[in-house]
Amino acid sequence: LRIACETIFSNSTTMSHTFSVPGLIEVQGSAAPSLDNWTNDPQVSIKNMTLSVNSYYFGSARATVKVAQSRWYYEVKIVSSGSARIGWSTEDYKPENRYDGVGSDSDSWGWDGSRKQAYHDEKKLSAHDFGDYWANGDIIGVSLDFDLREIKYYKNNKDLGVAFKNVNTTKPLMPCFSLYRGTQIEVNLGPRFKHPRLGFYGLNPTLSAADYKSVADVFNTYHKKGLSGSLNESLSKDLIKAKGVFAMGEALGAAGPMDPHLLLLAWKMRSKKFFEFIDSEWFVLWANEKAFTWDEMTNSVNKWIKDIKTDQDNFTSFYAFCFDYLKSEKGARATVLDKEDALMTWEMLGMRQRFAFYDKWTTFWKETDMKGVTRDTWMMLLKFIKDVGNNVANYNEDDAWPTVFDDFVYDYLKA
């Protein structure tokens with residue numbers, strides 16, 4: 001019994017911990033994500049994270065992790081160059097024959113750097129030219145942006161651009177690979193990369209035992225601060241309630257509940273509860289962020305504040321999240337964001353510095369009879385700022401603008 005207890009204690013202090021958040025990132029099993037020969041092809045060889053195929057036809061494998069929202073990234077090292085397709089697929093994707101590779105149907109997207117061809121729904125749509133040729137030793141980066149519905153590729157830190165737009169993101173997606181004989185690749189799901197991408201996370205939310213304890217200690221500190229004294233409440237150890245969240249915000253330097261610090265945390269976690277943080281969301285975030293102490297977490301939040309000011313894609317992702325998150329407070333039936341909340345959030349997001357007509361825009365909303373802002377109007381404001389700039393003559397009424405923009409331009413800018 002003594003030996004058994006010592007073994008259990010030893011394992012608990014040395015084992016790593018891998019986390020999943022349903023609807024965000026889910027890892028199959030309890031171990032760190034790996035590669036899976038899910039078609040049971042005897043010609044597919046997997047050794048750790050190295051994949052090769054002993055066949056003159058395609059052999060495929062995929063990672064044991066799927067994602068359903070947010071922004072994700074992984075890398076592939078071309079060990080032995082040859083024909084291969086690297087990309088993403090749904091769980092429904094399965095090659096119908098040995099000539100099918102990633103991108104052969106509507107459930108998969110793949111790029112072959114040996115042919116400079118990108119494939120999606122190949123049986124209905126032709127492949128299109130994309131990217132550069134790859135060679136032995138190249139590091140290929142692959143990003144998936146659920147907010148923009150885009151898949152991009154990179155070669156040795158060079159941005160090759162968007163390979164696929166309007167990606168169907170209604171189903172979770174998984175890293176997926178198809179290789180011919182002679183090709184060998186090494187897959188890196190993170191969290192550390194040769195060429196990390198700003199605003200994107202890897203697909204390996206795993207913490208060492210020591211890092212897990214450090215991250216858990218911070219969580220427990222603010223969990224306790226969120227308690228009101230109820231016995232039932234104290235038994236719910238998987239949640240930081242609003243009181244604890246606001247205490248955390250103050251410690252981070254937030255001036256109030258609408259300060260970017262807390263919304264940034266909620267965005268990075270893709271928090272499902274309004275100003276309440278669930279433990280699994282918490283652990284996935286800091287495993288991906290590689291920040292394990294309070295000081296490291298604080299530094300990360302301060303960096304995020306700078307990032308949304310300097311990177312437009314990052315800002316767009318955060319901006320879209322803010323609408324959905326704040327609207328969720330009103331319940332599932334809410335279709336608009338109350339205009340008072342919208343006005344406060346635009347101010348918090350620094351739209352005054354981004355939008356030449358900001359004062360007139362806010363005056364328009366204060367004076368209009370409309371009670372709230374639709375998501376379409378919220379997102380189209382970014383396009384309006386980009387297209388119009390500081391010259392209203394740039395406004396093209398023939399574009400597909402929501403009518404609110406026509407009213408604003410003709411009643412407040414051209415009046």
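Residues numbered from 1 in each chain as written. Predicted model: local features only at pLDDT ≥ 70, side-chain atom pairs only at ≥ 80, totals over all residues. Heavy atoms only, no water.

### Here we look at the overall build of the protein
To keep it simple, the criterion reads: Helix and strand labels come from DSSP, where a helix needs a run of H or I of at least four residues and a strand needs a run of E of at least two; each type is numbered from the N terminus. The contact criterion used throughout is that any non-hydrogen atoms of two residues lie within 4.5 Å. Each accessible area is a Shrake-Rupley result for a 1.4 Å probe, and residues are judged covered by the shown protein chains and nothing else. Within this scheme the basic residues Lys and Arg register as positive and the acidic residues Asp and Glu register as negative, but His and the chain ends are omitted. To locate a charge, take atom NZ for lysine, CZ for arginine, CG for aspartate or CD for glutamate.
What the protein contains, in helices and strands, is 13 helices and 22 strands. Excluding contacts between residues fewer than 6 apart, the proportion of contacts in the protein whose partners are at least 24 apart in sequence is 65%. As presented, the protein carries roughly 19500 Å² of accessible surface, and 48% of it is formed by carbon and sulfur atoms. Charged side chains of the protein number 50 positive and 54 negative; the gap between the two group centres comes to 4 Å.

### Quick notes on the sheet that holds strand E6 (residues 59–63)
Where strands meet in a sheet, backbone hydrogen bonds hold them as pairs that are either parallel or antiparallel. Spelled out, the test is: One requirement defines pairing of two strands: DSSP has to find at least two bridges between them.
If you walk across this open sheet you meet the seven strands as E3-E6-E16-E9-E10-E11-E12, and the pairing is antiparallel. Strand pairing shows two members of the sheet lacking a second neighbour, strand E3 (35–36) and strand E12 (128–129), which therefore form its edges. Sheet analysis places strand E10 (residues 108–112) next to strand E11 (residues 117–120), joined by four bridges and oriented antiparallel. Within E11, the residue paired with Gly110 across the bridge is Tyr119.

### Some details on the pattern of salt bridges
Convention followed: Criterion for a salt bridge: a side-chain nitrogen of Lys or Arg within 4 Å of a carboxyl oxygen of Asp or Glu. Remark: exposure states derive from per-residue accessible area (1.4 Å probe, protein chains only) relative to the maximum for the residue type, with buried under 20%, exposed over 50%, and partly exposed in between.
Summed over the entire model, instances satisfying the criterion amount to 18 salt bridges. Across the pair Asp145 and Arg71 runs a salt bridge whose closest N-O atoms are separated by 3.0 Å. With Asp145 in strand E13 (residues 139–145) and Arg71 in strand E8 (residues 71–80), this residue pair connects regions lying 74 residues apart in the sequence. A residue is classified by how much of its surface remains accessible, and Arg71, at 2% relative accessible area, is buried. Within this structure, Asp92, Asp107 and Lys171 form a network of salt bridges that share partners.

### Remarks on the packing of helix H5 (residues 260–269) against helix H6 (residues 279–289)
This is how the line gets drawn: Lines fitted to the C-alpha atoms define the axes, with helices restricted to the stretch that makes contact. Angles between their N-to-C directions range from 0 to 180 degrees. The scheme is simple: roughly parallel for angles under 35 degrees, roughly antiparallel for over 145, roughly perpendicular for 65 to 115, oblique for anything else. Throughout this entry, Asp, Glu, Lys and Arg are counted as charged residues, while Ala, Val, Leu, Ile, Met, Phe, Trp, Tyr, Cys and Pro are counted as nonpolar. The remaining residues, Gly among them, count as polar.
Relative orientation of the contacting elements H5 and H6 amounts to 90°, with a least axis distance of 9 Å. As summarised for this structure, H5 and H6 are arranged roughly perpendicular, according to the angle between their axes. Contacts between H5 and H6 involve Leu265, Lys268 and Met269 from the former and Glu281, Trp282, Leu285 and Trp286 from the latter. Looking at the contact of H5 with H6 residue by residue, the classes come out as five nonpolar, no polar and two charged.

### Let's talk about the environment of Val336
Note that Val336 resides in the loop between helix H8 (312–328) and strand E21 (337–338). A residue is classified by how much of its surface remains accessible, and Val336, at 26% relative accessible area, is partly exposed. Each C-alpha atom, one on Val336 and one on Lys371, is 8.3 Å from the other, the two residues being 35 residues apart in sequence. Apart from residues no more than four positions distant in its own chain, Val336 is found in contact with Phe323, Lys327, Gly372, Val373 and Thr374.

### Quick word on the side chain of Asp107
Inspection of the secondary structure assignment puts Asp107 in the loop between strand E9 (84–89) and E10. The residues touching Asp107, leaving out its near neighbours within four places in the chain, are Trp88, Ser89, Thr90, Asp92, Tyr93 and Lys171.

### Re the sheet that holds strand E4 (residues 44–47)
Spatial ordering of the open sheet is given by E4-E5-E17-E8-E13-E14-E15, a layout of seven strands whose pairing is antiparallel. Looking at strand neighbours, the two that pair on one side only are E4 and strand E15 (158–164), the edges of this open sheet. Strand after strand, the sheet turns through a mean of 25° between neighbouring axes, direction not considered. Pairing analysis gives six bridges linking E13 to strand E14 (residues 150–155), with the strands arranged antiparallel. In the sheet register, Asp145 faces E14, and the bridge partner there is Glu150.

### Considerations on helix H11 (residues 358–367)
Every α-helical turn comprises 3.6 residues, leaving residues that sit three or four positions apart pointing alike. Here is the rule we go by: The directions considered for the arc run from the helix axis to the C-beta atoms.
Where H11 is concerned, the buried positions are Tyr358, Trp361, Thr362, Phe364 and Trp365. For H11, the angular spread of buried residues about the axis comes to 150°, placing them on one side. Of the residues in H11, the exposed ones pointing more than 90 degrees away from the buried face are Lys366 and Glu367. Looking at the buried residues of H11, the elements they touch are helix H9 (339–348), helix H10 (351–354), strand E22 (372–373), helix H12 (375–388) and helix H13 (403–413).

### With respect to the environment of Met297
With respect to the helices and strands, Met297 occurs in helix H7 (residues 294–310). Residue class for Met297 comes out buried when judged on its relative accessible area of 1%. Spatially, the C-alpha atom of Met297 lies 18 Å from that of Lys225, the residues being 72 residues apart in sequence. Here Met297 is in contact with Val215, Val218, Trp282, Trp286, Ala291 and Phe292, once residues within four sequence places are set aside.

### Section: the packing of H11 against H13
Packing of H11 against H13 leaves a shortest axis separation of 11 Å and a crossing angle of 110°. With respect to H13, the element H11 is oriented roughly perpendicular. On H13, the residues touching Lys360, Trp361, Thr363, Phe364, Trp365 and Glu367 of H11 are Val404, Phe405, Asp407, Phe408, Tyr412 and Leu413. Along the lines of polarity and charge, the residues of the contact of H11 with H13 split into eight nonpolar, one polar and three charged.

### A few points about the confidence of the model for the protein
To keep things clear, this is the line we draw: A residue's pLDDT is simply how confident the predictor is in it, with values from 0 to 100.
In the predicted model, the protein carries a mean pLDDT of 91, and 94% of its residues have values of at least 70. This stretch, residues 1–13, has a pLDDT under 50; its non-local contacts, to residues over four places away or in other chains, come to two contacts.

### A closer look at unusual backbone geometry
Excluding glycine, a negative phi dihedral is what most residues carry, and trans is how most peptide bonds are arranged. For the peptide bond that leads from Gly190 to Pro191, omega is 10°, which places it in the cis range. For Pro191, the position within the fold is in the loop between strand E17 (184–188) and strand E18 (206–207). In the Ramachandran plot, Asn157 falls in the positive-phi region, its phi being about 80° despite a non-glycine side chain. Within the secondary structure layout, Asn157 lies in the loop between E14 and E15. Located in the positive-phi region is Phe275, a residue other than glycine, with phi close to 50°. Position of Phe275 among the secondary structure elements: in the loop between H5 and strand E20 (277–278). Judged by relative accessible area, which is 3%, Phe275 ranks as buried.

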